[in-house]
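Below, each chain spelled out in residue letters.
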Amino acid sequence: MTNNYSDKGSKGLHRSLKILLSIGLGAAASVQTAWAEYQDPLDLPAQAMASAPQSLLLDVTKAGDRLVTVGERGHILYSDDQGGNWQQAEVAVSTQLNAVFFVDEKEGWAVGEDAAIVHSNDAGRSWQKQFDARDAEFPGPLLDLYFRNANEGYAVGVFNKLYRTDDGGTTWTDWSDHAENLNEWHFFAMAATDADTLYISSEVGLLFRSVDGGESFEPLQTDHNGSFHGVLAKRAEGGNDWLILSGVGGKLFTSKDGGASLRELETHTEAGLASGTWLDDGTALVVGTDGLLLHVAADLNSVTKYQLENGLPLSAVAEPSQDHYVLVGLGGIQTLEQLPRR
């Protein structure tokens with residue numbers, strides 16, 4: 001069961017597609033009966049469903065040669081044949097999961113509604129709960145995460161939610177006072193270029209950057225006044241950090257100096273943008289609503305727009321092998337052998 005949260009000037013909280021969906025508990029004879037039958041999704045394991053590959057899925061990543069995707073009702077699925085066939089994992093919660101991250105082929109974490117954090121040490125086959133909103137100061141979803149190694153990691157979410165672990169998630173510490181975020185803007189997505197340099201995308205044109213391994217996050221105010229729902233970061237050959245920031249209204253910006261300056265690229269769309277991934281050839285692919293795919297050139301100076309015929313909203317993409325793409329979103333899992341014709 002999920003809740004709606006406002007985005008302080010943006011209608012798209014979950015990086016465009018990741019809008020929190022309210023679902024009812026169903027008709028009941030009385031309020032008392034409904035309450036008696038209710039089970040907290042934080043305590044209820046995800047149910048095995050044949051339709052899980054077609055359900056709302058919000059993130060996908062690689063765990064070695066395996067693909068892992070997460071989404072509504074605690075669904076986590078994995079594939080060992082580049083997305084051809086999928087198995088549903090055993091998950092300790094049935095709350096919506098918004099993002100997944102693997103630090104190697106075995107160790108992974110996922111975050112979601114009610115500040116849920118689940119962990120796997122068997123390449124995504126099974127997941128145990130480490131943390132939830134009942135351990136937090138206030139409720140609300142976690143939207144993304146990043147792990148430096150199998151011990152040190154961060155999770156971010158709405159209203160300045162920032163947690164840190166240094167023991168693989170056995171304990172999570174409220175780290176929000178380590179970010180200069182006095183207005184408690186939402187934290188949407190994380191990326192890193194090395195052990196010391198981390199980025200968090202936020203609202204009102206803010207990008208938070210740490211250059212001390214996460215000990216402190218300083219805000220970088222850009223010329224954009226909207227939300228950055230996605231951030232990609234990599235270390236370029238010259239030593240500078242290259243970034244791609246994307247958000248509502250089809251807005252996409254690139255930076256070749258770690259966010260100190262931004263260049264807006266023409267996307268020829270006003271569709272909301274969700275997240276993306278760097279591709280093996282040095283380019284990047286960003287996805288969004290209406291079946292939108294934006295292919296960002298390797299020099300970060302131009303964008304080519306593509307559109308899926310079905311027009312289903314997309315939330316994330318992975319590239320298990322060159323020119324082979326696995327997309328997830330409102331219609332579940334889709335695979336492409338090449339980008340569609342323009």
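Note that this is a predicted model, so its numbers are computed, not measured.

About the cut-offs
Residues numbered from 1 in each chain as written. Predicted model: local features only at pLDDT ≥ 70, side-chain atom pairs only at ≥ 80, totals over all residues. Heavy atoms only, no water. Helix = DSSP H or I, 4+ residues; strand = E, 2+ residues; numbered from the N terminus. Buried < 20%, exposed > 50% of the residue type's maximum accessible area, 1.4 Å probe, protein only. Contact = heavy atoms within 4.5 Å. Areas by Shrake-Rupley, 256 points an atom, 1.4 Å probe, with all protein chains shown as cover. Salt bridge = Lys/Arg side-chain N within 4 Å of Asp/Glu carboxyl O. 1 Å grid on protein atoms, 1.4 Å probe; cavity = no way out; pocket = protein on both sides within 12 Å on 5 of 7 lines; lining within 4 Å. Points joined across faces, edges and corners; volume = space filled by probe spheres on them. Nonpolar A, V, L, I, M, F, W, Y, C, P; charged D, E, K, R; others polar. Pairing = 2+ DSSP bridges. Axes fitted to C-alpha atoms, helices over the stretch in contact; angles between N-to-C directions. Polar contact = N/O pair within 3.5 Å; in protein donor to acceptor, adjacent residues only side chain to side chain. Core = buried A, V, L, I, M, F, W, Y, C linked by side-chain atoms within 4.5 Å.

Moving on: the overall build of the chain. Helices and strands together make up the secondary structure of the chain, namely one helix and 28 strands. Across the 342 residues in the chain, those meeting the buried criterion constitute 59%. Sequence-distant contacts in the chain: of pairs separated by 6 or more residues, those separated by 24 or more amount to 48%. Carbon and sulfur atoms provide 45% of the accessible area of the chain, an area that totals close to 14,300 Å².

Moving on, we come to the pattern of salt bridges. Two side chains carrying opposite charge are able to pair once their charged atoms lie near each other. What the rule picks out here adds up to 13 salt bridges. Connected via shared salt-bridge partners are Asp40, Asp43, Lys129, Asp132 and Arg134.

Now for empty space enclosed by the protein. As enumerated under the stated definition, the model contains one cavity of 30 Å³ or more in all. What lines the largest cavity is simply Gly230, Val231, Leu232, Ile244, Ser246, Ser275, Gly276 and Val286. The greatest single-element share of the lining of the largest cavity, amounting to three residues, is contributed by strand 18 (residues 228–235). When its residues are assigned to classes, the lining of the largest cavity shows four nonpolar, four polar and no charged.

On to the sheet that holds strand 24 (residues 292–296). Strands sit in the order 22-23-24-25 across an open sheet of four strands; the sheet is antiparallel. Every other strand in the sheet has two partners, leaving strand 22 (273–278) and strand 25 (303–307) as the edge strands with one partner each. Each strand axis lies, on average, 20° off the axis of its neighbour in the sheet, ignoring direction. Inspection of the sheet shows strand 24 paired to strand 25 by five bridges, in the antiparallel sense. Looking across to strand 25, one finds that leucine 293 is bridged to tyrosine 306.

Put simply, the largest pocket is a space of about 750 Å³. Lining the largest pocket are 29 residues, and of these Thr61, Phe101, Leu232, Gly276 and Thr277 lie nearest its centre. Breaking the lining of the largest pocket down by element, the ones donating at least two residues are strand 1 (57–63), strand 6 (97–102), strand 10 (142–147), strand 14 (187–192), strand 18, strand 22 and strand 26 (314–321). Of the residues that constitute the lining of the largest pocket, the class distribution is 17 nonpolar, five polar and seven charged.

The residue serine 120 is located in strand 8 (residues 117–120) in this model. Judged by relative accessible area, serine 120 falls into the buried class, the value being 0%. Separated by 2.9 Å, the side chain of serine 120 and the backbone nitrogen of glycine 124 make a polar contact. Filtering out sequence-adjacent residues up to four positions away, serine 120 remains in contact with Lys106, Glu107, Gly108, Arg125, Ser126 and Trp127.

On to the environment of valine 93, then. Residue position: valine 93 is located in the loop between strand 5 (90–91) and strand 6. With a relative accessible area of 0%, valine 93 lands in the buried category. What valine 93 contacts, discounting residues up to four positions off in sequence, is Pro41, Leu42, Leu44, Pro45, Ala46, Arg73, Gly74, Val118 and Lys129.

This brings us to the nonpolar core. With 30 residues, the main nonpolar core has Ile117, Leu145, Leu162, Trp172, Ile200 and Phe217 as its most contacted residues. Of all elements in the fold, only strand 6, strand 7 (108–112), strand 10, strand 11 (153–157), strand 12 (162–165), strand 14, strand 15 (198–202) and strand 16 (206–210) reach the threshold of two or more residues within this core. If one sorts the elements of this core by residue count, strand 10 sits on top with four residues. Contact partners of tryptophan 172, with chain neighbours within four places excluded, come to Trp109, Ile117, Gln130, Phe131, Phe147, Gly153, Tyr154, Ala155, Tyr163, Arg164 and Thr165. Trp242, Ala271, Trp278 and Leu300 belong to the second largest nonpolar core, which has 16 residues in total.

The buried count for strand 10 comes to six of six residues, which makes it a mostly enclosed element. Two elements, strand 10 and strand 11, share five bridges in a ladder whose sense is antiparallel. Residue pairing for strand 11: tyrosine 146 is matched across the bridge by tyrosine 154. Linking two consecutive strands that pair antiparallel, namely strand 10 and strand 11, is a turn of five residues.

We now examine the environment of leucine 265. Structurally, leucine 265 is set in the loop between strand 21 (263–264) and strand 22. The exposure class assigned to leucine 265 is buried, which follows from its relative accessible area of 5%. As for leucine 265 and phenylalanine 253, which are separated by 12 residues in sequence, their C-alpha atoms are 5.9 Å apart. Excluding residues within four positions of it along the chain, leucine 265 makes contact with Leu252, Thr254, Val296, Leu300, Asn301, Ser302 and Val303.

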